Amino acid sequence: MKAPPEILAERFTKRSSREHIRIREMPTFIPDSSTPTVTMAGVQTAKKELRRKMREALRSIPKDSIVSQSGVATNKLLSLPEYRNAKRIGIYLSMPSGELSTTGIVQSALKEGKDVYIPYIHSAVSSLAQQKNSIMDMLALRSLEEFESLEPDNWGIPSLKQSQVSSRKNCFGGYGVSPQEDGKTMNENHGLDLVIMPGMAFDRGFRRLGHGKGYYDHFLTRYSKKEVNSKTNTPKLPFLGERPSYSRTNKEETSLNKIHLVALSLKEQLLPPAEEIPVLEHDWLVDAVIVGDGQFLVHECR
Ligand SMILES: Nc1nc2c(c(=O)[nH]1)N(C=O)[C@@H](CNc1ccc(C(=O)N[C@@H](CCC(=O)O)C(=O)O)cc1)CN2
Ligand SMILES: Nc1ncnc2c1ncn2[C@@H]1O[C@H](COP(=O)(O)OP(=O)(O)OP(=O)(O)O)[C@@H](O)[C@H]1O
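Residues numbered from 1 in each chain as written. Chains lettered and ligands numbered in written order. Predicted model: local features only at pLDDT ≥ 70, side-chain atom pairs only at ≥ 80, totals over all residues. Heavy atoms only, no water.

Peer 1: Can you walk me through the site of ligand 2 in this structure?
Peer 2: Lining the immediate environment of ligand 2, one finds 16 residues, of which Lys47, Arg51, Arg208, Gly212 and Tyr215 sit closest. Backbone polar atom of Tyr216 to an oxygen atom of ligand 2: 3.2 Å apart, as the coordinates give it. Here an oxygen atom of ligand 2 and a side-chain polar atom of Asp217 are 3.0 Å apart. Here ligand 2 has 630 Å² of accessible area as a free molecule, and 77% of this is covered by the chains. Listed by contribution, the elements that provide at least two residues to the shell around ligand 2 are α1 (40-59) and α6 (215-225). (Near = heavy atom within 4 Å. Polar contact = N/O pair within 3.5 Å; in protein donor to acceptor, adjacent residues only side chain to side chain. Areas by Shrake-Rupley, 256 points an atom, 1.4 Å probe, with all protein chains shown as cover. Helix = DSSP H or I, 4+ residues; strand = E, 2+ residues; numbered from the N terminus.)

Peer 1: Can you walk me through α1 in this structure?
Peer 2: Each full turn of the α-helix corresponds to 3.6 residues, which orients residues three or four apart in the same direction. Compared with an ideal rise of 1.5 Å per residue, which puts 20 residues at 28 Å, α1 spans 29 Å between its outermost C-alpha atoms and is within 8% of the ideal. All of the buried residues along α1 are Val43, Lys47, Leu50, Arg51, Met54 and Leu58. End-on view of α1: buried residues confined to an arc of 110°, all on one side of the axis. Residues of α1 that are exposed and point over 90 degrees away from its buried face: Ala41, Thr45, Lys48 and Arg59. (Expected span 1.5 Å × (residues − 1). Buried < 20%, exposed > 50% of the residue type's maximum accessible area, 1.4 Å probe, protein only. Arc of directions from axis to C-beta.)

Peer 1: Quick question: what am I supposed to make of the site of ligand 1 here?
Peer 2: Neighbouring residues of ligand 1: 17 residues in total, closest Arg55, Leu93, Glu99, Trp155 and His211. A distance of 2.4 Å separates a nitrogen atom of ligand 1 from a polar atom in the side chain of Glu99. His211 is positioned with one of its side-chain polar atoms (N or O) 3.1 Å from an oxygen atom of ligand 1. In isolation ligand 1 exposes 660 Å². Once the protein is present, 81% of that is buried. Elements supplying a minimum of two residues to the shell around ligand 1: β5 (115-126) and α6. Split into classes, the residues belonging to the shell around ligand 1 amount to 12 nonpolar, two polar and three charged. (Nonpolar A, V, L, I, M, F, W, Y, C, P; charged D, E, K, R; others polar.)

Peer 1: Explain the pairing of strand β12 (residues 260-265) here, please?
Peer 2: Remark: a regular strand shows side chains that alternate across the two faces of the sheet. Among the six residues in β12, six count as buried, and that is most of the element. Here β12 shows no split at all, with His260, Val262 and Leu264 on one side and Leu261, Ala263 and Ser265 on the other all buried. In this sheet, β12 lies alongside strand β9 (residues 194-197) in parallel orientation, the contact comprising four bridges. Looking at the pairing, Met197 lines up with Ala263 of β12. The pairing of β12 with strand β13 (residues 288-291) spans four bridges and is classified as parallel. Residue pairing for β13: Ser265 is matched across the bridge by Val291. (Pairing = 2+ DSSP bridges.)

Peer 1: Is there a simple way to think about helix α2 (residues 63-79) in this case?
Peer 2: For α2, spanning 17 residues, the distance from its first C-alpha to its last is 25 Å, which sits close to the expected 24 Å at 1.5 Å a residue. Of the residues making up α2, those classed as buried are Ser65, Ile66, Gln69, Ser70, Ala73, Thr74 and Leu77. Buried residues of α2, viewed axially, fall in a sector of 160°; they line one side. Opposite the buried face of α2, by more than 90 degrees, sit the exposed residues Asp64, Val67 and Asn75. Tucked inside the fold, the buried residues of α2 contact α3 (81-84), α4 (103-111), β9, β12 and β13. (Contact = heavy atoms within 4.5 Å.)

Peer 1: I would appreciate a short explanation of the pattern of salt bridges in the present structure.
Peer 2: Two side chains of opposite charge can pair, provided their charged atoms sit close to one another. By the definition in use, this model includes nine salt bridges. A salt bridge links Arg59 to Glu56, with the nearest nitrogen and oxygen atoms 3.0 Å apart. Separated by three residues within a single helix, Arg59 and Glu56 lie in helix α1, roughly one turn from each other. Residue Glu56 is classed as partly exposed on the basis of its relative accessible area of 47%. (Salt bridge = Lys/Arg side-chain N within 4 Å of Asp/Glu carboxyl O.)

Peer 1: So what exactly am I meant to see when it comes to the packing of α2 against α4 here?
Peer 2: Helix-helix packing is characterised by the crossing angle of the two axes and by the distance between the axes. Across the interface, α2 lies against α4 with an axial gap of 9 Å and an inter-helix angle of 35°. Regarding α2 and α4, the two cross each other, and that crossing is right-handed. Here Thr74, Leu77 and Leu78 of α2 lie close against α4, whose contacting residues are Gly104, Ile105 and Ser108. Residue composition of the contact of α2 with α4, by class: three nonpolar, three polar and no charged. (Axes fitted to C-alpha atoms, helices over the stretch in contact; angles between N-to-C directions. Left-handed = near helix turned anticlockwise from the far one by under 90°.)

Taken by themselves, the reported measurements are silent on function.
Right under this line is the structure:
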């Protein structure tokens with residue numbers, strides 16, 4: 001028997017202005033065949049399965065294809081006003097395989113005098129949950145020389161060492177890693193204008209599949225809670241995408257009003273039009289996807 005709607009713990013995840021996915025915590029009734037309903041556990045399982053498939057597919061991409069696709073994507077990004085106008089960018093440093101290289105972008109950005117922030121993974125204790133979590137901060141990269149001297153971590157990602165962190169600027173305007181729950185806000189001199197995002201897969205609805213640790217999703221959620229000083233005179237950049245594209249429910253004016261999320265995708269990472277990445281409420285949509293074969297996906301409504 002169909003349960004009355006009010007007792008169903010349903011959440012609607014905004015995927016684009018046109019469509020929604022319905023996520024039900026407790027599958028207590030048999031859904032109408034017209035209702036695309038999935039459980040949370042179902043989404044996690046589907047993500048795992050997609051990651052497995054992607055890992056297989058990415059393994060066989062020849063190195064020279066990654067090099068040429070990276071060149072195409074780099075040129076596209078460097079031509080965008082959202083990049084050219086950005087003063088502070090957060091950018092992933094690429095792994096040896098399975099994703100587009102960001103080396104050319106990092107070099108250009110540093111040469112152009114932009115502030116470049118890179119991921120730094122560390123442990124943080126959440127006072128609320130009394131849990132030790134691995135989280136991501138974005139810390140300043142100081143120079144080309146420093147970029148070239150970074151050593152690979154366990155995933156092969158060029159990374160800062162713990163000893164290099166404490167006196168280094170973070171993207172929130174502080175130094176070193178940022179406390180998880182300090183409630184401090186950012187002013188107009190801090191924050192990021194553009195985040196260049198990695199992923200395992202992307203789809204045409206601007207959904208993204210990461211490696212399953214939630215680093216970017218958690219980071220963006222934390223970032224969105226640090227409000228920009230409302231008296232800021234900083235001119236806002238034009239958005240790449242329409243504002244409701246963000247998959248968050250917290251739609252109040254936040255610092256994310258001026259951040260652009262641009263994903264870089266190998267052509268093999270972009271799913272065919274009929275396929276979708278399963279997403280939950282915490283998953284952030286990106287504003288644009290630059291693909292290594294020259295495709296550029298951007299929200300129609302600018
Ligand atoms: N270049 C790059 N830098 C990044 C990320 C990324 O995806 N790419 N991250 C984005 O969050 C963070 C690091 N997170 C990562 C988490 C897991 C794995 C990884 O390879 N995990 C499994 C393999 C399973 C899989 O391929 O999914 C492993 O440990 O073997 C890599 C990066 C920050 N920096
Ligand atoms: N903002 C968030 N709030 C609560 N839980 C989150 C948030 N972001 C991620 N998680 C949790 O982190 C785990 C990994 O999330 P998910 O599968 O979406 O990772 P992903 O998108 O592949 O990772 P990433 O963001 O690092 O690329 C899940 O258990 C998810 O519930």
